[in-house]
Amino acid sequence: MQAIVDLQNDGTVKEPINREMPMDQLIESWITNQDNYDRNHGPIQHKLASEHDITLDGLVSRPIKITIESLQTDYPQHTVACALSCAGNRRHTMRTRIKDVWGIDWYDGAVMNCVWEGPRLRDVLMQGAGVDEVEPELKRQQQHVQFASYGTKTQEDTWYGGSIPFKMAMDPDMDVILAVKMNGKSIPPRHGYPVRAIVPGVLGARSVKWLDRITVSEEESPCVYQRRDYKILPPNVLDKETAKHYWDKIPAMLEMPVNACVAVPTYKSTVTLSESGLLECKGYAVPQGSHGPVTRVEVSGDEGKTWVDATLDYGPSELASKWTWVLWNANIKMEKGEEKKIFARATDKGGNTQELERSTWNLRGVGYNGYEAVFDLTVV
Ligand SMILES: Nc1nc2c(c(=O)[nH]1)N[C@H]1C(S)=C(S)[C@@H](COP(=O)(O)O)O[C@H]1N2
Ligand SMILES: [Mo]
C-alpha cells in the first residue's frame with residue numbers, strides 16, 4: 001500500500017482511500033497522529049454534527065434517536081486509549097512469503113494507537129434505549145449489536161456495517177464507546193466524524209465510522225463486511241467460488257492476534273552493523289484482544305537460535321491500558337551477508353504468543369502474525 005500524502009482526497013466507491021504511514025514515521029510517537037492509516041470500503045463522508053443523529057432500535061424497550069450533542073452532554077464521557085488495527089495488516093507478508101491472497105496490499109502499518117472519548121455504548125443502550133442490565137444473563141447471550149453507516153455505497157454493498165456480540169457491548173471491561181473525540185479533538189472526517197464506534201481489541205472493521213444506526217438483534221449485521229468478508233477461511237479454500245460454500249459456516253473475526261512488527265530496519269534494506277556487530281531494531285507490538293498489554297518482545301537476528309529481550313515503552317501511565325500498543329527497541333547480533341532475517345515475537349499478559357515463523361495461509365490474508373518480521377535484509 002503506497003503512502004498517499006494527499007489527505008484531501010475522499011476517494012470513490014470504485015477507488016476508496018486506503019493508505020498507511022511509512023513504518024519509521026508510524027512509531028515516532030506513542031500516540032499516533034491523525035495521519036495514521038485509512039481503511040475505507042467507500043468514499044470518505046463529510047457530515048455536520050448539528051444535523052447528525054444515531055438511531056437506536058431493534059430489541060430495545062425504547063427505540064430513540066440521539067443527537068451528537070446529547071451523546072456529549074447526557075452521558076458520562078469515557079476515555080479509552082487503544083491500538084486499532086485492520087484485520088488485513090501484514091497481508092503483504094502472507095502474500096509474498098506463503099501464497100497470494102485476495103485483498104489490498106497492507107504492509108505492517110495498518111494500525112493506530114489513539115485516545116478516543118465518548119459515552120460508553122452500554123450507557124447509551126441502558127439509559128437511552130432502556131436496555132435492562134439484568135436481562136443479558138440468559139436471553140441476550142446470543143444477541144448482537146449491529147452498527148450501520150448508510151451515507152455512501154461501498155465496494156461490495158450499498159452501505160457499511162458490522163456487529164459485535166451483545167455481551168461485549170455491555171461489558172464495562174470491554175470499553176466499547178461511541179467516540180466523538182480522537183486524541184482530544186473532534187474526530188477528523190477521515191476517521192469517522194462526527195461519531196464512530198470504537199471496539200478495542202477487535203479488528204478495525206467493527207469500529208464503524210460515520211455511525212448512523214445501532215440495532216440490537218438476534219442476528220449479526222447483514223452487511224457483506226460482516227457475513228462475506230473478515231473471516232479466517234480454512235487453507236483449503238483457494239478461490240472465491242469455493243469461499244461461497246464457507247462464508248456461512250465460519251465465524252466472523254473478532255479478536256486481533258498478538259503481533260510484533262519491526263519498523264526499523266525495513267525489509268529489503270541494507271543495514272550497517274555497529275563496531276561490536278550489533279544492529280538496532282525498533283517496532284511496535286499489540287496484544288491479542290483483551291489480553292494485553294504486551295509483556296515481552298523477543299528479537300532474533302539468527303533465525304531463532306538466540307533471542308534478545310527488547311526494551312518496552314508502555315506510553316504515559318495515565319493512558320496505557322490492556323488495549324494499547326507498546327513501542328520496543330533492541331540491539332541484536334547479526335552476521336554480515338545477504339537475505340538476512342529478523343524475527344520478532346510478542347507475548348501478552350494473557351500468555352498469548354506468536355507461535356509460528358509464518359502464519360497459516362487464508363484466502364483473505366487476515367489475522368497474519370508470523371514472527372518472521374523482516375526478510376531480504378542485506379547486512380554489511
Ligand atoms: N463507515 C465505515 N466504517 C468503517 C470502514 C468503512 O469502510 N466505512 N472501514 C472499517 C475498517 S475495515 C477499518 S480497518 C477501520 C479503519 O479506520 P480508519 O480509516 O479510521 O483508520 O474502519 C472501519 N470502519
Ligand atoms: Mo479493516
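Residues numbered from 1 in each chain as written. Chains lettered and ligands numbered in written order. Predicted model: local features only at pLDDT ≥ 70, side-chain atom pairs only at ≥ 80, totals over all residues. Heavy atoms only, no water.

## Description of the site of ligand 1
Stated formally: Nearness here has a simple test: a residue counts as near a molecule or strand if at least one of its heavy atoms is within 4 Å of that partner. Between N or O atoms, a polar contact is any pair within 3.5 Å; within protein, one atom must be a potential hydrogen donor and the other a potential acceptor, and residues adjacent in sequence are included only when both atoms are from side chains. A 1.4 Å probe and the Shrake-Rupley method give the accessible areas. Residues count as covered only by the protein chains that appear here. Classification convention: Asp, Glu, Lys, Arg as charged; Ala, Val, Leu, Ile, Met, Phe, Trp, Tyr, Cys, Pro as nonpolar; all other residues, Gly among them, as polar.
By nearness alone, 18 residues border ligand 1, and Y37, H41, H191, R196 and K209 come closest of all. In this structure, R39 approaches ligand 1 through a main-chain N or O atom, which is 3.0 Å from an oxygen atom. The fraction of the free accessible surface of ligand 1 (530 Å²) that becomes covered by protein chains is 99%. Class assignment for the residues of the shell around ligand 1 results in eight nonpolar, six polar and four charged.

## Describing the UniProt feature "domain: Moybdenum cofactor oxidoreductase dimerisation" (unreviewed entry) in the chain
We count it as follows: UniProt positions are given in the numbering used here, feature names are shortened, and annotations may be inferred rather than shown by experiment. Every helix listed is a DSSP run of H or I at least four residues long, and every strand listed is a run of E at least two residues long, numbered separately from the N terminus.
Mapped onto this structure's residue numbering, the UniProt feature "domain: Moybdenum cofactor oxidoreductase dimerisation" (unreviewed entry) falls at residues 252-371. Between the end C-alpha atoms of residues 252-371 there is a gap of 24 Å, over a span that is 0% helix and 41% strand.

## Some points on helix α4 (residues 121-128)
Think of an α-helix as 3.6 residues a turn; residues three or four steps apart then line up on the same face. Let me state the cut-off plainly: Throughout, exposure labels follow a simple rule: accessible area from a 1.4 Å probe, protein chains only, divided by the maximum for the residue type, with under 20% read as buried, over 50% as exposed, and the rest as partly exposed.
Burial within α4 is extensive, with six of its eight residues counted as buried. Backbone geometry just downstream of α4 places G130 in the positive-phi region, at approximately 70 degrees.

## Considering the pairing of strand β18 (residues 326-333)
For clarity, the threshold we go by: When DSSP finds two or more bridges between two strands, those strands count as paired.
Note: strand β14 (residues 278-286) against β18, eight bridges, orientation antiparallel. Following the sheet pairing, G283 is matched in β18 by W328. Where strand β17 (residues 311-313) meets β18, three bridges bridge the pair, whose relative direction is antiparallel. Paired with T311 across the bridge in β18 is N329.

## Concerning the pairing of β14
By the bridge criterion, five bridges tie strand β12 (residues 259-264) to β14 in an arrangement that is antiparallel. Opposite V262, over in β14, you have G283 as the bridge partner.

## Notes on the sheet that holds strand β1 (residues 53-58)
Under the convention used in this document: Whenever a helix is involved, its axis is fitted only over the stretch in contact; in every case the axis is a line through C-alpha atoms, and angles between N-to-C directions fall within 0 to 180 degrees. Note on contacts: a residue pair qualifies if any of its non-hydrogen atoms lie within 4.5 Å across the two residues.
Spatially, five strands are ordered β2-β1-β11-β5-β6 in an open sheet, and the strand pairing comes out mixed. Edge positions in the open sheet fall to β2 (64-67) and β6 (160-165), since each of these has one partner strand only. Here the average twist between neighbouring strands, direction ignored, is 20 degrees. Most of the contacts of α4 go to strand β5 (residues 144-149), to which it runs at about 100 degrees, and overall it touches β1, β2, β5 and β11 (213-217).

## A word on the nonpolar core
What counts, and what does not: Put simply, buried Ala, Val, Leu, Ile, Met, Phe, Trp, Tyr and Cys residues joined by side-chain atoms within 4.5 Å make one nonpolar core.
L71, W116, L121, V145, F147, L211 and I214 are the most contacted members of the largest nonpolar core, which has 59 residues in total. For this core, the element with the highest residue contribution is helix α5 (residues 166-170), accounting for four residues. In contact with L71, other than residues within four places in its own chain, are I54, I66, Q77, P119, V124, L178, V180 and V195.

## Notes on the sheet that holds β12
With respect to topology, four strands assemble into an open sheet ordered β12-β14-β18-β17, the strand pairing being antiparallel. This sheet does not close on itself; its edge strands, each paired only once, are β12 and β17. Pairwise comparison of adjacent strand axes, ignoring direction, gives a mean angle of 30 degrees for this sheet.

## Quick notes on unusual backbone geometry
With an omega of 5 degrees, the peptide bond running from Y193 to P194 counts as cis. Looking at the element boundaries, P194 is found in the loop between β9 (185-186) and β10 (196-198). The amide bond that connects G292 to the next residue, P293, takes the cis arrangement and shows omega of 5 degrees. Locating P293 in the fold gives a position in the loop between β14 and β15 (294-300). Even without a glycine there, the phi angle at E303 is positive, about 55 degrees. Topologically, E303 is positioned in the loop between β15 and β16 (308-309). A relative accessible area of 45% places E303 in the partly exposed class. Backbone geometry at E339 places phi at a positive 55 degrees, although glycine is not the residue there. Along the chain, E339 falls in strand β19 (residues 337-348). The exposure class of E339 is exposed, given its relative accessible area of 61%.

## Digging into the environment of L84
Within the fold, L84 resides in strand β3 (residues 77-85). Relative accessible area serves as the criterion here: at 0%, L84 is assigned to the buried category.

## Here's the deal with the domain arrangement of the chain
We count it as follows: Segmentation of the chain into domains, including their bounds, is taken from an automatic or database domain assignment. We define buried area as the total accessible area lost by two parts upon association, computed with a 1.4 Å probe and summed across both. Salt bridge, as applied in this entry: a Lys or Arg side-chain nitrogen positioned within 4 Å of an Asp or Glu carboxyl oxygen.
Structurally, the chain comprises domain 1 (23-243) and domain 2 (259-379). Put simply, the middle of domain 1 and the middle of domain 2, counted by C-alpha atoms, are 27 Å apart. Counting residues at the interface gives 49 residues for domain 1, matched by 43 residues for domain 2. Interface of domain 1 and domain 2: buried area, both sides summed, is about 3,900 Å²; carbon and sulfur atoms make up 65% of it. Looking only at domain 1, the three residues that lose the most surface to domain 2 are W30, R90 and R97, adding up to 23% of its buried area. Across the contact surface, domain 1 and domain 2 share two salt bridges.

## Regarding the pattern of salt bridges
On inspection of all chains with the given rule, the structure shows 19 salt bridges. Salt-bridge contacts for R97 lead to E372; the nearest nitrogen and oxygen are separated by 3.0 Å. Of this pair, R97 sits in helix α3 (residues 91-97) while E372 sits in strand β20 (residues 372-379); the two residues are 275 residues apart in sequence, bridging distant segments of the chain. Of the charged contacts, one joins R120 and D175 as a salt bridge, the two residues approaching to 3.4 Å between their closest N and O atoms. A residue pair is termed long-range when its members are at least 10 positions apart, and R120 in the loop between β4 (111-119) and α4 and D175 in the loop between α5 and β7 (177-179) qualify at 55 residues. If you follow the salt bridges from partner to partner, you end up with R97, K341, E357, R358 and E372 in one network.

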